[in-house]
Amino acid sequence: MSRTIYLGVVYAIGILLLGRYFKGWSQIQKARHVEYFKEDNQNRVAEAKSVLSNMKTLNGKENIIGNEKKPRMNKFSENNEHTCVLAINIITLSRENNLTETEPPHYLLQTVAALIKLINRLDQNYFQIYLSICNVDLNPETYVDMNYIPEWITIFQRDKEKRESFKNRYEKEREDYVFCMKNVLEQNSSFLLILEDDTLPHQDLFSVMKKELFENDQCELKKDKFKDLFYVKLHTNSWDLNFVRLWRWTKFLFFTGFDLGKVFELMIITLFLDVLIIVALKKYSKLRLSYHMFFILFIYIAWVLNVIGRQNISIVWRYILGITHEMSDATGGSLVAAFYPRASAEATVQYLNSVECDKSYPKDVALNRLARKHWQQLLLIEPPLFTHMGYHSTKGHTAY
């Protein structure tokens, strides 16, 4: 008995010591990550300011407009009836300086500068781009990033009394989304791309969109892929791509989630590998394998595949097939960068105007439920076409 107690005490002390070691190691790694993030962010900010400072003012007119005024088309607009009209809107507000003491992160500047560079290289005989910014900050006068924005880019800005009428953070997000999308819809664009301000576009953004979404040389969505499309997510968190999502941590609770399609993929791959291993063991070994062994191996393979990650398996699969991007079913949440057909955007505005959002029913969950209710497609492009620059999750638009 005494020996058992002694071993238990030694084991407990060992666990505590290891815990302290790994905690210290993780803090060191986090500090290094923060320093790398700050340096990388500062370099991108300097480049973005250089790009924006070289932009010439097209006219001296005020480009901040209210709810009832129609925004004018900007520098990239061309009157060509054969082009696809794509409205790109960036929803933005000022961020807290959680990682730097002097400078804000300037996410908006980085996103705008990157989009301008991409649009300048774009073949405008196909895409007609309308670029706008939606400033939903509670104190827009103090939002320093707006001072760097070229005057020819239209800025939507909410009236002060309407900005202060929301009940909670989730209601504000819903109202902001409706306000921004409603103003963009006034441009009569065929398609909308709604972005949060901390999403950096990849160099192949427009070429991949043209290849994966549209028919050849036509301003129509691919009929063989899209039957009743609600939206396409151009960015999603890495854990949302996995078969079963296990690593979300909030309020001291683990949250799991799954998509039936991805779980079905996991079961098919697991079953194939399970049978393959069992056949190999029976042929090349003298082990006696029971049904229990088959089941245990099935569970183990499924666990290993989920740890490896569906996104990593997809990289290998795309390499074997010789393709660069693919479309798959999207999970709800994380509307950092979303592509909407016009009809879906109008339905989004109408539906979000009719509901109230809170912690248990945020806008992304509401839109997911709306699409599922009407059996509409929710898709995503893998790998993503945007990089999330924010160090922390930017849900609520407040974190750095």
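To keep things clear, this report deals only with the structure shown in the data block. (Residues numbered from 1 in each chain as written. Predicted model: local features only at pLDDT ≥ 70, side-chain atom pairs only at ≥ 80, totals over all residues. Heavy atoms only, no water.)

1. Quick word on the overall build of the protein
Step number 1: Assigned secondary structure in the protein consists of 10 helices and 13 strands.
Step number 2: Counting only residues that meet the buried cut, the protein has 47% of its 400 residues in that class.
Step number 3: Across the protein, every contact between residues at least 6 apart in sequence was considered, and the portion connecting residues at least 24 apart equals 79%.
Step number 4: Looking at the protein as shown, the accessible area adds up to about 22,800 Å², and 58% of this sits on carbon and sulfur atoms. (Helix = DSSP H or I, 4+ residues; strand = E, 2+ residues; numbered from the N terminus. Buried < 20%, exposed > 50% of the residue type's maximum accessible area, 1.4 Å probe, protein only. Contact = heavy atoms within 4.5 Å. Areas by Shrake-Rupley, 256 points an atom, 1.4 Å probe, with all protein chains shown as cover.)

2. Description of the nonpolar core
Step number 1: By size, the foremost hydrophobic cluster in this structure holds 48 residues, and its most contacted members are Leu 86, Phe 206, Leu 234 and Phe 339.
Step number 2: Element by element, the count of residues in this core is highest for helix H2 (residues 107-120), at 8 residues.
Step number 3: Filtering out sequence-adjacent residues up to four positions away, Phe 206 remains in contact with Leu 86, Ile 88, Leu 118, Ile 119, Leu 122, Phe 127 and Ile 129.
Step number 4: The next biggest cluster of nonpolar side chains, apart from the first, holds 35 residues, and it includes Ala 338, Leu 367, Leu 370 and Leu 380. (Core = buried A, V, L, I, M, F, W, Y, C linked by side-chain atoms within 4.5 Å.)

3. A look at the pattern of salt bridges
Side-chain pairs of opposite charge can arise where the charged atoms are in close proximity.
Step number 1: Throughout the structure, instances matching the rule amount to 10 salt bridges.
Step number 2: A salt bridge links Asp 176 to Lys 172; the nearest nitrogen and oxygen atoms lie 2.6 Å apart. Of this pair, Asp 176 and Lys 172 both sit in helix H4 (residues 169-185), 4 residues apart, which is roughly one turn of that helix. Neither Asp 176 nor Lys 172 differs from the other in exposure class; each is buried.
Step number 3: Among the salt bridges present, the one from Glu 382 reaches Arg 310, with a minimum N-O distance of 3.1 Å. Here Glu 382, found in strand S12 (residues 377-382), pairs with Arg 310, found in helix H8 (residues 310-321); they are 72 residues apart in sequence, far enough to count as distant. Taken individually, Glu 382 and Arg 310 each receive the classification buried, so the pair is uniform in this respect.
Step number 4: In the salt-bridge network here, residues are joined through shared partners; they are Glu 171, Arg 174 and Glu 175. (Salt bridge = Lys/Arg side-chain N within 4 Å of Asp/Glu carboxyl O.)

4. Let's talk about helix H9 (residues 342-352)
Step number 1: Looking only at H9, the buried set comprises Ser 344, Ala 345, Thr 348, Val 349, Tyr 351 and Leu 352.
Step number 2: Against the buried residues of H9 lie H4, strand S5 (191-196), strand S7 (229-233), strand S11 (337-341) and helix H10 (363-373).

5. Thoughts on the side chain of Arg 318
Step number 1: Here Arg 318 is to be found in helix H8.
Step number 2: The residues touching Arg 318, leaving out its near neighbours within four places in the chain, are Ile 323, Thr 324, His 325, Glu 326, Glu 382 and Pro 383.

6. Observations concerning the packing of H4 against H9
For any two helices packed against each other, the geometry comes down to the angle between their axes and how far apart the axes lie.
Step number 1: Where H4 meets H9, the closest approach of the two axes is 9 Å, and the angle between their N-to-C directions is 140°. In this view, H4 runs oblique relative to H9, as classed from their interaxial angle. Note that H4 runs across H9; the crossing there is left-handed. Along its contact with H4, which presents Arg 174, Tyr 177, Val 178, Met 181, Lys 182 and Leu 185, the element H9 presents Arg 342, Ala 345, Glu 346, Thr 348, Val 349 and Leu 352.
Step number 2: Taken together, the residues of the contact of H4 with H9 break down into 7 nonpolar, 1 polar and 4 charged. (Axes fitted to C-alpha atoms, helices over the stretch in contact; angles between N-to-C directions. Parallel < 35°, antiparallel > 145°, perpendicular 65-115°, else oblique. Left-handed = near helix turned anticlockwise from the far one by under 90°. Nonpolar A, V, L, I, M, F, W, Y, C, P; charged D, E, K, R; others polar.)

7. Re the packing of H9 against H10
Step number 1: At a closest axis distance of 11 Å, the pairing of H9 and H10 adopts a crossing angle of 115°. Relative to H10, H9 is oriented so that their crossing is right-handed. From H9, Ala 347, Thr 348, Tyr 351 and Leu 352 reach across to H10, where they touch Lys 363, Ala 366, Leu 367 and Leu 370.
Step number 2: Per-class residue counts for the contact of H9 with H10 are 6 nonpolar, 1 polar and 1 charged.

8. Remarks on unusual backbone geometry
Step number 1: The omega torsion across Glu 382 and Pro 383 is -10°, close enough to zero to call that bond cis.
Step number 2: Here Pro 383 shows up in the loop between S12 and strand S13 (386-388).
Step number 3: A positive phi angle is found at His 106, which is not glycine, with a value near 55°.
Step number 4: Along the chain, His 106 falls in the loop between strand S2 (84-92) and H2.

9. Examining the pairing of S7
Step number 1: Among the 5 residues of S7, 5 are classified as buried, and the element is accordingly described as predominantly covered.
Step number 2: Relative to S12, S7 is paired through 4 bridges, and the arrangement is parallel. Of the residues in S12, the one forming a bridge with Lys 233 is Leu 380. (Pairing = 2+ DSSP bridges.)

10. Remarks on the packing of aromatic side chains
Step number 1: Taken as a whole and assessed by the stated rule, the structure comprises 9 aromatic pairs.
Step number 2: On the basis of an interplanar angle of 90° and a centroid distance of 6.1 Å, the ring pair of Phe 214 and Phe 339 is categorised as edge-to-face. Highlighted residues: Phe 214 in the loop between helix H5 (205-213) and S7 and Phe 339 in strand S11, separated in sequence by 125 residues. Each of the two residues, Phe 214 as well as Phe 339, counts as buried.
Step number 3: Here the aromatic rings of Phe 230 and Tyr 340 are separated by 6.3 Å at their centres, their planes lie at 75°, and the arrangement is edge-to-face. Taken together, the positions of Phe 230 in strand S7 and Tyr 340 in strand S11 put the pair 110 residues apart, joining distant regions of the chain. Like Phe 230, the residue Tyr 340 is buried in the burial classification. (Phe/Tyr/Trp six-rings, centres within 6.5 Å; stacked < 30°, edge-to-face > 60°.)

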